[in-house]
Amino acid sequence: TQTVSQSDAHVTVFEGDSVELRCNYSYGGSIYLSWYIQHHGHGLQFLLKYYSGNPVVQGVNGFEAEFSKSDSSFHLRKASVHWSDSAVYFCAVTASGSWQLIFGSGTQLTVMP
Amino acid sequence: GGIITQTPKFLIGQEGQKLTLKCQQNFNHDTMYWYRQDSGKGLRLIYYSITENDLQKGDLSEGYDASREKKSSFSLTVTSAQKNEMAVFLCASSMGISNERLFFGHGTKLSVL
């Protein structure tokens, strides 16, 4: 059974700060990991994904994530946040060849001016 | 670019009522999904469909029916609305299996009186 854990329900930072949103997963086989962003009142939008190769993957709007097999983690980072980055961020995992994407419970990021 | 359109945007029902939510996509994607989003929780898969007339149950299928009569549309029926139920239902589509990125609609917000 695959599980995804986002330990921080809320993260608050100031504009220009760096931020890391944490994601840990549990699965033994080949998996795809991804991050999605949801602005208030909207559906989710894809940010980035990882399957293999370079453990640091780049996404849109300056976001990147780093895969760590030893830590079972796929944390999302941004070096300098903007107020428009305020949103809920979801980490997701799917087993290779599976139809089902398993989502974490989400982290609400609030960027203060 | 394509778009996913969900109707209605807001749905208010009575306890025991049968309610239908609709989703249309013009990406020409094969796979479509219905997710339920409850406040503070991740998304949970209700149904998905890998092609026209195909239906596959997700973890949360009890209490729901789905229909994929055309490649471009995927509808979800709440068979008997539960009193005080409140959730957002998100439709999504992807090219193939869920390791591909998902594209989401803006959601239908359900309230049951």
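See the structure shown above.
Turning our attention to the state of the cysteines. Scanning the model with the defined rule gives two disulfides over all chains in all. Note that Cys 23 of chain A is cross-linked by a disulfide to Cys 91 of chain A, the S-S spacing being 1.9 Å. Taking the sign of the S-S torsion, -65° for the link of Cys 23 of chain A and Cys 91 of chain A, the bridge is left-handed. Pair noted here: Cys 23 of chain A is in the loop between strand S3 (19-21) and strand S4 (24-26) and Cys 91 of chain A is in strand S10 (residues 87-95), with a separation of 68 residues, a long-range link. As far as the burial class goes, Cys 23 of chain A and Cys 91 of chain A line up, both buried. With its sulfur 1.9 Å from that of its partner, Cys 23 of chain B forms a disulfide with Cys 91 of chain B. Across the S-S bond linking Cys 23 of chain B and Cys 91 of chain B, the dihedral sits near -75°, which makes this disulfide left-handed.

All names here are of chain B. Spatial strand order, S1-S3-S8-S7: four strands in an open sheet with antiparallel pairing. Strands with a single pairing partner mark the edges of an open sheet, and in this sheet they are strand S1 (4-7) and strand S7 (64-70). Averaged over neighbouring strand pairs, the angle between their axes works out to 15° when direction is ignored. Bridging between S1 and strand S3 (residues 19-25) involves four bridges; their strand directions are antiparallel. Among the inter-strand pairings, Gln 6 is bridged to a residue of S3, identified as Cys 23.

Moving on, we come to the interface of chain B and chain A. Chain B puts 24 residues into the contact, and the matching count from chain A is 19 residues. For the pairing of chain B and chain A, the buried interface totals around 1800 Å² over both sides, and the portion due to carbon and sulfur atoms is 58%. Remark: the boundary between chain B and chain A carries five residue pairs in polar contact (both at pLDDT 80 or more). Within the residue set of the side of chain B that touches chain A, elements represented by two or more residues are strand S4 (31-37) and strand S5 (43-49) of chain B. Per-element accounting of the side of chain B that touches chain A gives the leading share, four residues, to S4 of chain B. Residue composition of the side of chain B that touches chain A, by class: 10 nonpolar, 10 polar and four charged.

Under the counting rule described, the total for this entry stands at 16 aromatic pairs over all chains. Residues Phe 103 of chain A and Phe 104 of chain B carry aromatic rings whose centres are separated by 6.3 Å and whose planes lie at 75° to one another, so their mutual orientation is edge-to-face. In this pair, Phe 103 of chain A sits in strand S11 (residues 102-103) while Phe 104 of chain B sits in strand S10 (residues 103-104), so the two residues belong to two different chains. Three or more aromatic residues joined by ring pairs make a cluster, and in this case those are Tyr 36, Phe 46, Phe 90 and Phe 103 of chain A together with Tyr 33, Tyr 35, Tyr 48 and Phe 104 of chain B.

For residues other than glycine, phi is negative in most cases, and the peptide bonds are mostly trans. The residue after Thr 7 of chain B, namely Pro 8 of chain B, is reached through a cis peptide bond having omega -10°. Along the chain, Pro 8 of chain B turns up in the loop between S1 and strand S2 (10-13). In this structure, Ser 72 of chain A takes a positive phi of about 50° despite not being glycine. Within the element layout of this structure, Ser 72 of chain A appears in the loop between strand S8 (64-68) and strand S9 (73-78).

So, how was this worked out
Residues numbered from 1 in each chain as written. Chains lettered and ligands numbered in written order. Predicted model: local features only at pLDDT ≥ 70, side-chain atom pairs only at ≥ 80, totals over all residues. Heavy atoms only, no water. Disulfide = S-S within 2.5 Å. Helix = DSSP H or I, 4+ residues; strand = E, 2+ residues; numbered from the N terminus. Buried < 20%, exposed > 50% of the residue type's maximum accessible area, 1.4 Å probe, protein only. Pairing = 2+ DSSP bridges. Axes fitted to C-alpha atoms, helices over the stretch in contact; angles between N-to-C directions. Contact = heavy atoms within 4.5 Å. Buried area = accessible area lost by both parts, 1.4 Å probe. Polar contact = N/O pair within 3.5 Å; in protein donor to acceptor, adjacent residues only side chain to side chain. Nonpolar A, V, L, I, M, F, W, Y, C, P; charged D, E, K, R; others polar. Phe/Tyr/Trp six-rings, centres within 6.5 Å; stacked < 30°, edge-to-face > 60°.

These results come straight from atomic positions and should not be treated as a statement about function.
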